[in-house]
Amino acid sequence: MVIKNGNLFTENAEFVKQDIAFSGEKIDAIGENLCGEEVFDATDCYVIPGFVDIHIHGAYGSDFCDNSENDINTIAKYLVSQGVTSFLGTTMAFDEPILSGIFKTANPFFNKVIDGQATLRGVNMEGPFFNKAKKGAQAEKYIVDPDWEMFSRLFELSGGNIRLLDIAPELPGAVEFIEKASKLCHVSVAHTSANYDQAVAGFEAGADHVTHLFNAMPPMGHRDPGVVGAAQDKASYVEIISDGIHIHPAIIRTAFRLFGDDRMCLISDAMRACGMPDGEYSLGGQKVFMNNGKATLEGGTIAGSATVLAECVRRAVSFGIKLESAIKAATINPAKSAGLYDVVGSLKEGKQADVVVLDKDLQPKLVVLAGKVQKF
């Protein structure tokens, strides 16, 4: 197939008038005046890599932690229909037996390309090594100090597919834990009360990422810049939820100015209410109520989002983020931050042919997964 006449998003985060061709799972060629038996005319459209969501719990009534093959299928089918072609199944704070079951169930799906479904690229292990004071929607009864033996067993059980591990760096033993874990996967500072120095210690030990910037951490202060200030100095990537609920649009603009679009990752942090009507749901074993698209615990704490990554991109653009920067933050950067960039995240000859064509309103007109046009 050849997608012609579109504005193609390059690895330099620019749109150029180029065609893209693929005959199998990989991209064959990118250039001008390409020919093929099957042609899709993308005139006045944007041709981009498939979105990569590195922080998503669930969607369409299902949760990654439901520990069910059917639920993984449901999430993956919904995501690809929205233009998300790769994702990390994100856990919550649970004990080892529960996490072990989740990883065992997910194991056959890791990096397996299934037609009609976004590809599960691994795990974002969000919990249980958090500060209880910043638990957010995590269940306090499962939150524990860093436990290397527990993590080692889970990492092995995942087949080495934990790609992001979230941790509060101020906890006892956390710095030593980060030093070891960062040799196996990317480590993210999260659900933390760390001050600037504690956060810097975590980054210098090997953490290179920050989970949902500004949420579940102290605010940035002029005397104690905290995690945000430390991240600006030390982190490779930070992720932010651009649903307009977790973060004010002015702060999203500020974050892009502060960190630059080379380091920003847009995430959904979506839970099972994503793609569903208002009502009662659950997250991490706790009741969640969604009203007008806002999901909260009974006490009012925001409990993940109900906004798919593609919509987070559209909202970021509506908040004043440059289109090129928003697309980069939902494709190139998250793929790099989770160690996936050699396979997905950009349009380049030899990479997997995960391609999305967006219309002028940034709605998907065509979704291609591993060279196959997806039908919904």
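Residues numbered from 1 in each chain as written. Predicted model: local features only at pLDDT ≥ 70, side-chain atom pairs only at ≥ 80, totals over all residues. Heavy atoms only, no water.

Would you mind going over the overall build of the chain in detail, with residue names and values included?
Tallying secondary structure elements over the chain gives ten helices and 23 strands in all. Taken against the 2.2 N^0.38 rule, which gives 21 Å for 376 residues, the C-alpha radius of gyration of the chain at 20 Å falls within 12% of a compact globule. Residues classed as buried in the chain amount to 59% of the 376 residues present. A fraction of 69% describes how many contacts in the chain between residues 6 or more apart in sequence connect residues 24 or more apart. Of the accessible surface of the chain, which amounts to about 14,100 Å², a share of 45% is contributed by carbon and sulfur atoms. Of the side-chain charges in the chain, 34 are positive and 48 negative, and the distance between the mean point of each set is 2 Å. (Helix = DSSP H or I, 4+ residues; strand = E, 2+ residues; numbered from the N terminus. Rg over C-alpha atoms; globule rule 2.2 N^0.38 Å. Buried < 20%, exposed > 50% of the residue type's maximum accessible area, 1.4 Å probe, protein only. Contact = heavy atoms within 4.5 Å. Areas by Shrake-Rupley, 256 points an atom, 1.4 Å probe, with all protein chains shown as cover. Lys, Arg positive; Asp, Glu negative; His and termini not counted. Charge placed at Lys NZ, Arg CZ, Asp CG, Glu CD.)

Account for the pairing of strand 5 (residues 27–31), naming residues and giving values.
Sheet topology places strand 4 (residues 19–22) next to strand 5; four bridges connect them, and they run antiparallel. Considered in strand 5, the bridge of F22 is made with I27. Between strand 4 and strand 5, which pair antiparallel one after the other, the connecting turn spans four residues. (Pairing = 2+ DSSP bridges.)

Just give me the short version of the packing of helix 4 (residues 174–181) against helix 5 (residues 196–205), but keep the residues and values in it.
Put simply, helix 4 and helix 5 touch, their axes get as near as 8 Å, and they point 25 degrees apart. Relative to helix 5, the element helix 4 is oriented roughly parallel. The interaxial crossing formed by helix 4 with helix 5 has right-handed handedness. Here helix 4 contributes V175, I178 and E179 to the contact with helix 5, which in turn contributes A201, G202 and A205. (Axes fitted to C-alpha atoms, helices over the stretch in contact; angles between N-to-C directions. Parallel < 35°, antiparallel > 145°, perpendicular 65-115°, else oblique. Left-handed = near helix turned anticlockwise from the far one by under 90°.)

I'd like a rundown of helix 9 (residues 323–330), residues and numbers included.
Within helix 9, seven of the eight residues are buried, which leaves it mostly tucked inside the rest of the structure. Taken residue by residue, helix 9 has L323, S325, A326, I327, K328, A329 and A330 as its buried positions.

Report on the packing of aromatic side chains, specifying residues and quantitative values.
Per the counting criterion, the structure on display carries nine aromatic pairs. A centroid spacing of 5.8 Å and a plane angle of 40 degrees characterise the contact between F151 and F155, whose relative ring orientation is tilted. Of this pair, F151 and F155 both sit in helix 3 (residues 148–157), four residues apart, roughly one helical turn. Residues F151 and F155 agree in their burial class; the two are buried. Every member of this aromatic cluster is reached through a ring pair, and the members are F129, W148, F151, F155 and F177. Sitting above the plane of the Y341 ring, K351 keeps its charged end 3.4 Å from the centroid. (Phe/Tyr/Trp six-rings, centres within 6.5 Å; stacked < 30°, edge-to-face > 60°. Lys NZ or Arg CZ within 6 Å of the ring centre and 35° of its normal.)

Go over the pattern of salt bridges with me, naming the residues and quoting the values.
The final tally for this structure, using the stated rule, is ten salt bridges. We note a salt bridge from K4 to D19, for which the minimum N-O separation is 2.8 Å. Here K4, found in strand 1 (residues 2–4), pairs with D19, found in strand 4; they are 15 residues apart in sequence, far enough to count as distant. For the pair K4 and D19, a shared accessibility class is recorded, and that class is buried. Its salt-bridge partner being D66, residue R272 comes within 2.7 Å of it at the nearest N-O pair. Here R272, found in the loop between strand 17 (264–267) and strand 18 (279–283), pairs with D66, found in the loop between strand 10 (62–63) and helix 1 (69–81); they are 206 residues apart in sequence, far enough to count as distant. Of the residues examined, R272 reaches a relative accessible area of 11% and is grouped as buried. (Salt bridge = Lys/Arg side-chain N within 4 Å of Asp/Glu carboxyl O.)

Please give an account of the sheet that holds strand 19 (residues 286–291) that cites residues and values.
Pairing is antiparallel across the open sheet formed by three strands, whose spatial order is 18-19-20. Strands at the two margins of the open sheet, each flanked by one partner only, are strand 18 and strand 20 (294–296). Averaged over neighbouring strand pairs, the angle between their axes works out to 30 degrees when direction is ignored. Across five bridges, the pairing between strand 18 and strand 19 is antiparallel. Each bridged residue has a counterpart across the sheet, and for E280 the counterpart in strand 19 is F289.

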